[in-house]
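Chain by chain, the residues run as shown.
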Amino acid sequence: MRTQVAIVGGGPAGLLLQQLLHAACIDSVILKQRSRAYVEGRIRAGVLEKVTVDLLDKVGVNARMRREGLVHDGFSLAVDGELFRIDLKALTGGATVTVYGQTEVTKDLIDAATQRGTPIVFEAADVALHGLDTDRPSITWRHSGSHQRLDCDFVAGCDGSHGVSRGAIPSDVRRTYEREYPFGWLGLLAEVPPCDHELIYCNHARGFALASMRSLTRSRYYVQVGLDETPEEWPDERMWDELAVRLGPRAAATLQRGPAIEKSIAPLRSFVAEPLRWNRLFLAGDAAHIVPPTGAKGLNLAASDVHYLSQALIGFYRDGSTAGIDGYSAKALARVWKAERFSWWFTGLTHRFPDSDDFSRRMQMAELDYIRGSHAAQVTVAENYVGLPLA
Ligand code: RFL
Ligand code: PHB
């Protein structure tokens, strides 16, 4: 089998890249490790920046998002139960975010690929990359017991944080930067209306909490927990009681309880691997970087990476220009690092650190109070939250 661009991984990064390339008449094949049901069943991000919405519009995979997505003009910050609002739309001159789950984005992209006949190989095992430092790279894998091979011009490593692509960059070339946080998020999904029409991020003396949603009838809540805790230690009633405390009396008054459809704990991590290109291999999305979810940047960064990568590949195939390919890593990383900074900062502002003392807590309170009272500070928060423009 032969194609122009072999895409390893079929999460949002790989699927969106395929659609962007398809729109420019560039052939690609996606190889993914998991079944369709597994990928569509995972609950992850929920907030799309305008840049991501625009990219989904551009590839025409937007009908359901436009119909079912909830446009949010703002969000609230709660400090020990007292709320104030960040008016994203007014502060940024019109920008909004769209609440539409990653699961739905993935479903829509897989449906579009199926309808357009763009190839996806599901359940590819033992994927291995070869000849990346030649102009004839290839990929091999096993499917239902038989060995397969795909020859290509380029490989896009979109295989998430546990994929094989990042490791294909020699260790003397690759640099990694990392920060682990001493806590995780316990997430709960329930078929109940959200407690507010917008998101609420809470800094509470007992720890961070977030009230989010997937629709007007489906809520997504998170509380900060220790890394040694398990979902079993958090029966539904304990989680709802804790949310009522951390969200504060105003949100607690409208908090509707219901059985958890899903409950799991995710650790928080900041991570960047550089460079994003090595010869004929490109990295995009979680394969190259991870952000803590405070600020909802993970999926949106995957989208901006593949925008830059598709532009680079289109330049190569249309005009034979290697300028885009040569500049991809620096261009994408410039946006990645700013989102890393915002996610790290927002995490530090809103979470309770086990080693934090009274002074650190006062610093958090002072900064939140400053944001509450300062238009300039709110503009800074808002422009980062809605997503920085594509360079
Ligand atoms: P994905 O979505 O991980 O997709 C990677 C794809 O690669 C496949 N794969 C392989 N395929 C072939 N061969 C191999 N050896 C392979 N190894 C892996 C996988 O099966 C999958 O199809 O990465 P992508 O496309 O870069 O997308 C990034 C986003 O998924 C990610 O940034 C966000 O979901 C991060 N994230 C969250 N972001 C938010 O903005 N808000 C959230 O609330 C939020 N919650 C989360 C998250 C990420 C999580 N994990 C586990 C990483 C919650 C969790 C638990
Ligand atoms: C979510 O709804 O899952 C969500 C929303 C905002 C975040 C993180 C997660 O910052």
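Before reading further, recall that the structure is shown in the block above.
Residues numbered from 1 in each chain as written. Chains lettered and ligands numbered in written order. Predicted model: local features only at pLDDT ≥ 70, side-chain atom pairs only at ≥ 80, totals over all residues. Heavy atoms only, no water.

(A) Summary view of the site of ligand 1. Around ligand 1 sit 29 residues, and of these A13, R44, Q102, D286 and G298 come closest. The contact in question runs from an oxygen atom of ligand 1 to an N or O atom on the backbone of P12, over 3.2 Å. Burial of ligand 1 by the protein amounts to 84% of the accessible area it has alone, namely 1000 Å². Put simply, the parts of the chain that give the shell around ligand 1 at least two residues each are α1 (12-23) and α9 (298-319). Tallied by class, residues from the shell around ligand 1 come to 13 nonpolar, nine polar and seven charged. (Near = heavy atom within 4 Å. Polar contact = N/O pair within 3.5 Å; in protein donor to acceptor, adjacent residues only side chain to side chain. Areas by Shrake-Rupley, 256 points an atom, 1.4 Å probe, with all protein chains shown as cover. Helix = DSSP H or I, 4+ residues; strand = E, 2+ residues; numbered from the N terminus. Nonpolar A, V, L, I, M, F, W, Y, C, P; charged D, E, K, R; others polar.)

(B) Fine view of the nonpolar core. By size, the foremost hydrophobic cluster in this structure holds 69 residues, and its most contacted members are L16 and I139. Filtering out sequence-adjacent residues up to four positions away, I139 remains in contact with A6, V8, L31, V127, A128, L129, H130, Q148, R149, L150 and V155. Ranked by size, the runner-up nonpolar core spans 35 residues in total, among them A95, L210, M365 and Y385. (Core = buried A, V, L, I, M, F, W, Y, C linked by side-chain atoms within 4.5 Å. Buried < 20%, exposed > 50% of the residue type's maximum accessible area, 1.4 Å probe, protein only. Contact = heavy atoms within 4.5 Å.)

(C) Here's a closer look at the site of ligand 2. Lining the immediate surroundings of ligand 2 are 14 residues, of which Y201, S212, R214, Y222 and P293 lie closest. A distance of 2.8 Å is found between an oxygen atom of ligand 2 and a backbone nitrogen or oxygen belonging to P293. With respect to ligand 2, the backbone of A296 contributes an N or O atom lying 3.2 Å from an oxygen atom. For ligand 2, the protein covers 97% of the area, taking 280 Å² as the surface of the free molecule. Elements with a contribution of two residues or more to the shell around ligand 2: β14 (199-203), β15 (209-215) and β16 (218-225). A total of three residues in the shell around ligand 2 trace back to one element, the largest contributor, which is β15. For the shell around ligand 2, the per-class residue count stands at eight nonpolar, three polar and three charged.

(D) Molecular detail of helix α12 (residues 375-385). Within α12, burial applies to A377, Q378, V381, A382, N384 and Y385. Looking straight down α12, one finds that the buried residues subtend no more than 170 degrees of arc, so they occupy a single side. Its side-chain oxygen at 3.3 Å from the backbone nitrogen of A376, S374 defines the N-terminal cap of α12. Where α12 terminates, the next one or two residues include G387, which has phi positive at roughly 105 degrees. (Arc of directions from axis to C-beta.)

(E) Broad picture of the side chain of H351. The topology assignment puts H351 in the loop between α10 (323-350) and α11 (358-373). Judged by its relative accessible area of 1%, H351 falls in the buried class. At a separation of 3.0 Å, a polar atom in the side chain of H351 contacts the main-chain carbonyl oxygen of T347. Beyond its immediate chain neighbours, meaning those up to four positions away, H351 contacts F183, W185, F208, Q224, L268, T294 and Q364.

(F) Broad picture of unusual backbone geometry. Residue P275 is reached from E274 by a cis peptide bond, and omega for that bond is -5 degrees. Checked against the element boundaries, P275 lands in the loop between β17 (260-274) and β18 (277-278). Residues other than glycine seldom take positive phi values, yet E123 does so here, at roughly 55 degrees. Here E123 lies in the loop between β8 (120-121) and β9 (125-130). Notably, S144 is not glycine yet its phi reads approximately 45 degrees, a positive angle. Examined against the element boundaries, S144 turns out to sit in the loop between β10 (138-143) and β11 (146-151). According to the relative accessible area criterion, S144 is exposed, its value standing at 72%.

(G) Quick look at the pattern of salt bridges. Enumeration over the complete set of coordinates arrives at 25 salt bridges. Among the salt bridges present, the one from E191 reaches R218, with a minimum N-O distance of 2.8 Å. Within this pair, whereas E191 is found in the loop between β13 (175-190) and β14, its partner R218 is found in strand β16, the two being separated by 27 residues in sequence. With a relative accessible area of 44%, E191 lands in the partly exposed category. Residue R218 is classed as partly exposed on the basis of its relative accessible area of 31%. Across the salt bridge formed by D241 and R257, the nearest N and O atoms sit 2.8 Å from each other. Taken together, the residues span a long stretch of sequence, with D241 in helix α7 (residues 236-247) and R257 in the loop between α8 (249-252) and β17 at a distance of 16 residues. Exposure remark for R257: the relative accessible area of 37% places this residue in the partly exposed category. (Salt bridge = Lys/Arg side-chain N within 4 Å of Asp/Glu carboxyl O.)

(H) Main features of the sheet that holds strand β4 (residues 70-72). On the basis of which strands lie adjacent, the open sheet formed by three strands has the order β3-β7-β4 and antiparallel pairing. The open sheet has two edge strands, β3 (47-48) and β4, and neither has a second partner. As judged from the two bridges shared by β3 and strand β7 (residues 97-99), these two strands associate in the antiparallel manner. Across the sheet, V47 pairs through a bridge with V99, a residue of β7. (Pairing = 2+ DSSP bridges.)

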